[in-house]
Amino acid sequence: MQHARIYRPSKSAMTSGRRNTHKWVLEFVSTTPQVIDPLMGWTGNKDTKKQIKLRFPTKEEALAYAKKYGIAAEILPEHNRMRIIKPYADNFK
């Protein structure tokens, strides 16, 4: 049986934008261990399902897809954004 994770990605720490954080992602979990290439030192995997990421507008649609195709899905909790609201003048104190 295939295993997958369903989650909503968090905002990248390297940018201030929130692109690609509104959709839910279904990502397959690898069942084989990673292998280190002896020549280049890169890590690889023989499981090609690890490369697949399906995006859905809602969590319910991702769950329905997983149920339709017999995929055991684990739902990860959402990352809530903490906003600190302060006046602009506080930057100069």
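Model, not experiment: these values are computed from the prediction.

**Q** I would appreciate a short explanation of the overall build of the protein in the present structure.
**A** The number of helices and strands found in the protein is 1 helix and 6 strands. Relative to the 2.2 N^0.38 estimate, which gives 12 Å for 93 residues, the radius of gyration of the protein is 19 Å and therefore markedly larger than a compact globule would have. Oriented by its inertia axes, the alpha-carbon framework of the protein measures out at about 55 × 40 × 15 Å. Here the protein holds 93 residues, and the buried ones make up 16% of them. Considering only contacts in the protein between residues 6 or more positions apart, those separated by 24 or more positions represent 53%. As displayed, the protein has an accessible area near 8000 Å², and 55% of this comes from carbon and sulfur atoms.

**Q** Just to check I follow, could you spell out the layout of surface pockets for this structure?
**A** Where empty space is left in the structure can be found by rolling a water-sized probe over the atoms. The calculated volume of the largest pocket comes to roughly 250 Å³. Along its surface, the largest pocket is lined by Arg8, Pro9, Ser10, Lys11, Arg18, Thr21, His22, Glu78, His79, Asn80 and Arg81. Of the residues belonging to the lining of the largest pocket, the class tally is 1 nonpolar, 5 polar and 5 charged.

**Q** Help me out: how do you make sense of the sheet that holds strand 5 (residues 53-56) in this one?
**A** In sheet architecture, strand pairing relies on hydrogen bonds along the backbone and comes in two forms, parallel and antiparallel. Taken in spatial order, the 4 strands of this open sheet run 5-2-1-6, and their pairing is mixed. In the strand order of this sheet, the two ends are held by strand 5 and strand 6 (72-75), each with one partner. Strand-to-strand twist in this sheet, taken as the mean axis angle between neighbours without regard to direction, amounts to 25°. Pairing of strand 2 (residues 24-28) with strand 5 involves 4 bridges; the strand directions are antiparallel. Paired with Trp24 across the strands is Phe56, a residue of strand 5.

**Q** Whenever I open this one, the packing of aromatic side chains confuses me. Can you help?
**A** Each aromatic ring pair is described using two quantities: the centre-to-centre distance and the angle formed by the ring planes. The tally for this structure, following the rule as stated, stands at 3 aromatic pairs. Pairing Phe56 with Tyr65 gives two aromatic rings, centres 5.5 Å apart and planes at 45°, and the pair type is tilted. Judged by relative accessible area, which is 11%, Phe56 ranks as buried. Look at Tyr65 and Tyr69: their rings are 4.8 Å apart centre to centre, the planes differ by 50°, and that puts the pair in the tilted class. Each residue in the set Phe56, Tyr65 and Tyr69 is aromatic and connected to the rest through ring pairs, giving one cluster.

**Q** Just checking my understanding: could you explain a nonpolar patch on the surface for this structure?
**A** Together, Leu39, Met40 and Trp42 make up a nonpolar patch on the protein surface, roughly 430 Å² of accessible area in all. For Trp42, the location among the structural elements is in the loop between strand 3 (35-36) and strand 4 (43-44).

Conventions used here
Sequence order sets the numbering: in each chain, residues are counted from 1 along the sequence as written. Per-residue local features of the predicted model are confined to residues with pLDDT of at least 70, and side-chain atom pairs are confined, for both listing and counting, to 80 or more; whole-chain, interface and lining totals are unaffected and use all residues. The side-chain quantities take in all heavy atoms of the structure and omit both hydrogens and water. Here a strand is any run of E in DSSP of at least two residues, a helix any run of H or I of at least four, and the numbering for each starts at the N terminus. Our radius of gyration looks at C-alpha atoms and nothing else; its globule reference is 2.2 Å times the residue count to the power 0.38. Here the term buried applies to any residue with accessible area under 20% of the maximum for its type, exposed to any over 50%, and partly exposed to those in between, with areas from a 1.4 Å probe on protein chains only. In what follows, a contact means two residues having at least one pair of non-hydrogen atoms within 4.5 Å. For the accessible areas, the method is Shrake-Rupley and the probe is 1.4 Å, while residue cover comes only from the protein chains on display. Think of a 1 Å grid over the protein atoms and nothing else: a 1.4 Å probe that fits but is trapped marks a cavity, an open set flanked by protein within 12 Å on at least five of seven lines marks a pocket, and residues with an atom within 4 Å of a point count as lining. Grid points are joined across faces, edges and corners, and a volume is the space filled by probe spheres set on the points. Each residue is assigned to one class: nonpolar for Ala, Val, Leu, Ile, Met, Phe, Trp, Tyr, Cys and Pro, charged for Asp, Glu, Lys and Arg, and polar for all the others, Gly among them. The criterion for strand pairing is that DSSP finds at least two bridges linking the strands in question. Axes here mean lines fitted to C-alpha atoms, for a helix over just the part in contact, with angles spanning 0 to 180 degrees between N-to-C directions. Stacked, tilted and edge-to-face are the three classes assigned to paired rings of Phe, Tyr and Trp, where Trp is represented by its six-membered ring and a pair needs centres within 6.5 Å; plane angles under 30 degrees give stacked, over 60 edge-to-face, the rest tilted. Exposure above 30% relative accessible area and no salt bridge define the residues that can form patches, which grow by joining like charges within 9 Å and nonpolar side chains of Val, Leu, Ile, Met, Phe, Trp and Tyr within 5 Å. Every case where a carboxyl oxygen of Asp or Glu lies within 4 Å of a side-chain nitrogen of Lys or Arg is listed as a salt bridge.

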